[in-house]
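Chains, contacts and geometry: an overview
The primary structure of each chain is shown beneath.
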Amino acid sequence: MRKKILITIFLFIIIGISAYLYLYKGHRNIESETADYVVTVHELESEFTSNYSLAYIKYQDKTIELSARVTSIDKASNGIVMGEKVFVTFKNRLPQNIISGKTLKIKGRFLGYDELLQEFKIDQSSVVH
């Protein structure tokens, strides 16, 4: 009987540790990851328009590389809008060399589509040279 109790306790400990490690994974370094997808604003918009669910599953929490024209800069939120449809926030500070109207290539984590603001969201971004 004592042996069964010890085995049960041991199994609960192993399951608990496994669940903890699964739920609380280490932090990602998006800047050092290779992009899962290289896309344009038009391609994102097209995929989400044709099949929202499939596009959401495809891009959600993936590292993407995006090249588009900077349409506005929001220093207060440490972000920019690219191609009038993509709101991008940077991992650290907003890079000083970003100029509205110029084309920029960024790499970041795709968060999703904000239906209220009708724009895509990308965070943890960095400028790709």
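Data block above holds the structure.
Everything numeric here is computed off the predicted structure, so don't read it as measured data.

Parameters at a glance
- Every chain is numbered on its own, with residues counted from 1 as its sequence reads.
- For this predicted model, a pLDDT threshold of at least 70 governs which residues receive local features, and a threshold of 80 or more governs which side-chain atom pairs are given and counted, while totals over whole chains, interfaces and linings are taken from all residues.
- To get the side-chain values, take all heavy atoms of the structure and skip hydrogens and water.
- Only runs of H or I of at least four residues qualify as helices and only runs of E of at least two qualify as strands under DSSP, and these elements are numbered from the N terminus.
- Each radius of gyration reported is based on C-alpha atoms, and the globular scaling rule is 2.2 Å times the count of residues to the power 0.38.
- In this scheme, a residue with accessible area under 20% of its type's maximum is buried, one over 50% is exposed, and one in between is partly exposed, where area comes from a 1.4 Å probe on protein chains only.
- If DSSP finds at least two bridges between two strands, the strands pair.
- Two rings from Phe, Tyr or Trp (for Trp, the six-membered ring) form a pair when their centres sit within 6.5 Å of each other. Planes less than 30 degrees apart are called stacked, planes more than 60 degrees apart edge-to-face, and all others tilted.

1. Brief notes about the overall build of the protein chain
Within the protein chain, the secondary structure is distributed over three helices and six strands. For 129 residues, the compact-globule estimate of 2.2 N^0.38 gives 14 Å, and the C-alpha radius of gyration of the protein chain, at 20 Å, exceeds that figure by more than 25%. With respect to the three principal axes, the spread of C-alpha positions in the protein chain is 75 × 35 × 25 Å. Evaluated residue by residue, the protein chain yields a buried proportion of 29% over its 129 residues.

2. Focus: the pairing of strand 6 (residues 119-127)
Alignment of strand 4 (residues 86-90) against strand 6, held across four bridges, turns out to be parallel. Across the sheet, the residue bridging to Val-88 is Ile-122, located in strand 6. By the bridge criterion, seven bridges tie strand 5 (residues 103-114) to strand 6 in an arrangement that is antiparallel. Residue pairing for strand 6: Asp-114 is matched across the bridge by Glu-119. Between the end of strand 5 and the start of strand 6, which pair antiparallel, lie four residues, with Gln-118 showing a positive phi angle near 55 degrees.

3. Re the packing of aromatic side chains
Scanning all chains against the criterion turns up 10 aromatic pairs. Consider the rings of Tyr-113 and Phe-120, whose centres lie 4.9 Å apart with planes at 55 degrees: the pair is tilted. Classification of Tyr-113 by relative accessible area gives partly exposed; the value is 26%. Judged by relative accessible area, which is 2%, Phe-120 ranks as buried. Aromatic ring contacts, followed pair by pair, group Tyr-37, Phe-48, Tyr-52, Tyr-56, Tyr-59, Phe-110, Tyr-113 and Phe-120 into a single cluster.

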